[in-house]
Each structure stands twice: as C-alpha cells, then as structure tokens.
Amino acid sequence: MRRLDRLEPEQAPEKSRELLGGIVERHGSAGEMVSTMAHSPALLQGYLDFSRAMKRVKMPRALSEKVSLALQEWIGCGLCMAAHTQAARTAGLSEADIALARQGTSADAREAALIAVAVRVLAEPASISDADVAELRAHGWGDRVIAEIVGLVTLNLMTGAFNLLAGLEAKEEAA
C-alpha cells in the first residue's frame, strides 16, 4: 500500500520541480520512485547523482544486474526485483542465471565470489575480512571493482529501502 504520494513537477518543492522537469524533458516522464522521491530535493538530487555515477562502474552490466538481484532478494523490494529482473534479461542473462543470482550465487566461481561479498557488505559488513578481499583478488577482481561493490550495495539499499518505506510495489502484469 502506497504510503507516500507521487508528485507531479508542479506539486514538488522548487529544486525537485527543476529535477523532475529535466527528467520529463529527456525521457518523457519520471518513474514512480523518482516522482515519489521528489518530496525531498536532497534525496532526489543525491539519488540522481549517485545513480548516474554508478553507471560508470567497471563491472559488466550483466554482472551488475546479478549483484543487484542478489541484493534485492535480501532487501525484499518487489519493485526493484521486477526492474532488475527485466534489466537482467535485457543484458542477456538466462532465467537460470537470474535464479542463481537471486540465490546469491552464479555458475561462474569468480562471479559467485563477488556476489557473495556484496551480500555480506549489505547484511553484515563488519564480518568482511582481509581473507575475503584476498579471495576476491585471487579470483582476478581488482581494487576498483572491489570498491565499486560498496557503491552498488548502497544504491540498491537506497532504492529498495525507499520503495519499501514509500509503499511502492511492482505493478501486476495482465494475464
């Protein structure tokens, strides 16, 4: 059940109005989450800037979607899960890849190691050890990707937690 209303640009605080106007101008509309985030200009600006920055990660898109699926399975945001499932399909992942990612793993051991650490960064960050980072390096992951995992976790937590708080849900598909 929706707890926060979606705002049209004309209803939003001035800074959010500007941000929403730019989104509508570029994309034709603003999504449910972004339009609802508009209640807080600081949150909306932060989300847009951070989301844009995270599009420049070194991690391949398909792997980024696998990580996001694993994280959203843990967070429990149905809207995010639906969006990342669609994005994973668009990135070329099979239904088996998607199912494994939702279980926090991959058929590829190198990817599985990265996904597992990402879930731990979300669920129990204090448990991350030198051995975990050494294992990622042994799998061939460089420090850039290791660092970027924290950004990907943070972005997923931000969107998932916001959607859950606001009561935003995935739309049911017509049968």
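Since we're looking at a predicted model, the values are computed, not measured.

A. Inspection of the side chain of Ser-35 at higher detail. Position of Ser-35 relative to the elements: it lies in helix α2 (residues 32-37). Since its relative accessible area comes to 2%, Ser-35 is described here as buried. In contact with Ser-35, not counting residues within four places along its chain, are Arg-6, Leu-7, Leu-20 and Ala-30.

B. Structural context of the layout of surface pockets. Within this model, the largest pocket holds a volume of roughly 1,000 Å³. Lining the largest pocket are 31 residues, and of these Met-33, Val-34, Tyr-47, Ser-51 and Lys-55 sit closest to its centre. Its residues placed into classes, the lining of the largest pocket shows 15 nonpolar, 10 polar and 6 charged.

C. Highlighting the nonpolar core. Counting 42 residues, the largest nonpolar core has Val-34, Leu-44, Met-59, Val-67, Leu-114 and Ile-149 as the members making the most contacts within it. The contact partners of Ile-149, leaving out residues within four places of it in the chain, are Met-59, Val-67, Leu-114, Ala-118 and Val-121. Ranked by size, the runner-up nonpolar core spans 6 residues in total, among them Met-81, Ala-88, Ile-98 and Ala-101.

D. Focus on the environment of Gln-72. With respect to the helices, strands and loops of the structure, Gln-72 is situated in helix α4 (residues 61-75). Judged by its relative accessible area of 1%, Gln-72 falls in the buried class. For Gln-72 and Ala-126, which are 54 residues apart along the polypeptide, the C-alpha to C-alpha distance reads 20 Å. In terms of polar contacts, Gln-72 uses its side chain to reach the backbone carbonyl oxygen of Asn-156, at 3.0 Å.

E. Spatial organisation of the packing of aromatic side chains. Counted according to the given criterion, the structure contains 0 aromatic pairs. Looking at Arg-110, its charged tip hangs above the ring of Trp-141, at a distance of 3.6 Å from the centre.

F. Local environment of the pattern of salt bridges. Evaluation of the coordinates by the stated rule reveals 13 salt bridges. A salt bridge links Arg-2 to Glu-32; the nearest nitrogen and oxygen atoms lie 2.2 Å apart. Here Arg-2, found in the segment before α1 (14-27), pairs with Glu-32, found in helix α2; they are 30 residues apart in sequence, far enough to count as distant. Under the relative-accessibility criterion, Glu-32 is labelled partly exposed at 25%. Where salt bridges share partners, they join Arg-2, Arg-6, Glu-8 and Glu-32 into one cluster.

G. Here's a closer look at the packing of α4 against helix α7 (residues 109-123). Taken N-terminus to C-terminus, the directions of α4 and α7 make an angle of 40 degrees; their axes are 10 Å apart at the nearest point. Our pair here, α4 against α7, has a crossing hand that is right-handed. Residues Leu-63, Lys-66, Val-67, Ala-70, Leu-71, Trp-74 and Ile-75 of α4 form the contact with α7, whose own contacting residues are Glu-111, Leu-114, Ile-115, Ala-118, Val-119, Leu-122 and Ala-123. Looking at the contact of α4 with α7 residue by residue, the class counts come to 12 nonpolar, no polar and 2 charged.

H. α7, seen in detail. Helix length check: α7 (15 residues) gives 21 Å between terminal C-alpha atoms against 21 Å at 1.5 Å per residue, within 8%. Listed in full, the buried residues belonging to α7 are Glu-111, Ala-112, Ala-113, Leu-114, Ile-115, Val-117, Ala-118, Val-119, Val-121 and Leu-122. In the core, the buried residues of α7 are packed alongside α4, α8 (130-138) and α9 (143-166).

The rules behind the values
Counting restarts for each chain: residues are numbered from 1 in the order of the written sequence. Local features in this predicted model are restricted to residues of pLDDT 70 or higher, and side-chain atom pairs are both shown and tallied only at a pLDDT of 80 or more, whereas totals for entire chains, interfaces and linings draw on every residue. Values reported for side chains reflect all heavy atoms of the structure, with hydrogen atoms and water molecules removed beforehand. Going along the chain from the N terminus, every DSSP run of H or I of four or more residues is numbered as a helix, and every run of E of two or more is numbered as a strand. Categorising residues by exposure relies on relative accessible area from a 1.4 Å probe, with only protein chains included: less than 20% of the type maximum marks a residue as buried, more than 50% marks it as exposed, and the intermediate range marks it as partly exposed. What makes two residues a contact is simply this: any of their non-hydrogen atoms within 4.5 Å. Put simply, the grid is 1 Å and covers the protein atoms alone, a cavity is a trapped set of points that fit a 1.4 Å probe, a pocket is an open set with protein on both sides within 12 Å along at least five of seven lines, and lining residues have an atom within 4 Å of a point. Grid points are joined across faces, edges and corners, and a volume is the space filled by probe spheres set on the points. Throughout, the ten residues Ala, Val, Leu, Ile, Met, Phe, Trp, Tyr, Cys and Pro are labelled nonpolar, Asp, Glu, Lys and Arg are labelled charged, and all others, Gly among them, are labelled polar. We define the nonpolar core as a collection of buried residues of types Ala, Val, Leu, Ile, Met, Phe, Trp, Tyr and Cys that are connected through side-chain atoms lying within 4.5 Å of one another. Each polar contact in these results corresponds to two N or O atoms within 3.5 Å; when the atoms are within protein, one needs to be able to donate a hydrogen and the other to accept it, and residues that are neighboring in sequence are counted only if both atoms are side-chain atoms. Only Phe, Tyr and Trp rings are paired, with Trp represented by its six-membered ring, and only when their centres lie within 6.5 Å; those with planes under 30 degrees apart are stacked, over 60 edge-to-face, the remainder tilted. When the NZ atom of lysine or the CZ atom of arginine is within 6 Å of a ring's centre and also within 35 degrees of its normal, the charge is said to sit over that ring. Any carboxyl oxygen of Asp or Glu within 4 Å of a side-chain nitrogen of Lys or Arg constitutes a salt bridge here. Geometry is summarised by axes, namely lines fitted to C-alpha atoms with helices restricted to the contacting stretch, and by angles between N-to-C directions that run from 0 to 180 degrees. Each crossing is labelled by how the near helix is turned from the far one, with a counterclockwise turn of less than a right angle marking it left-handed and a clockwise turn marking it right-handed. Expected span, for any helix, means 1.5 Å times one less than how many residues it has.

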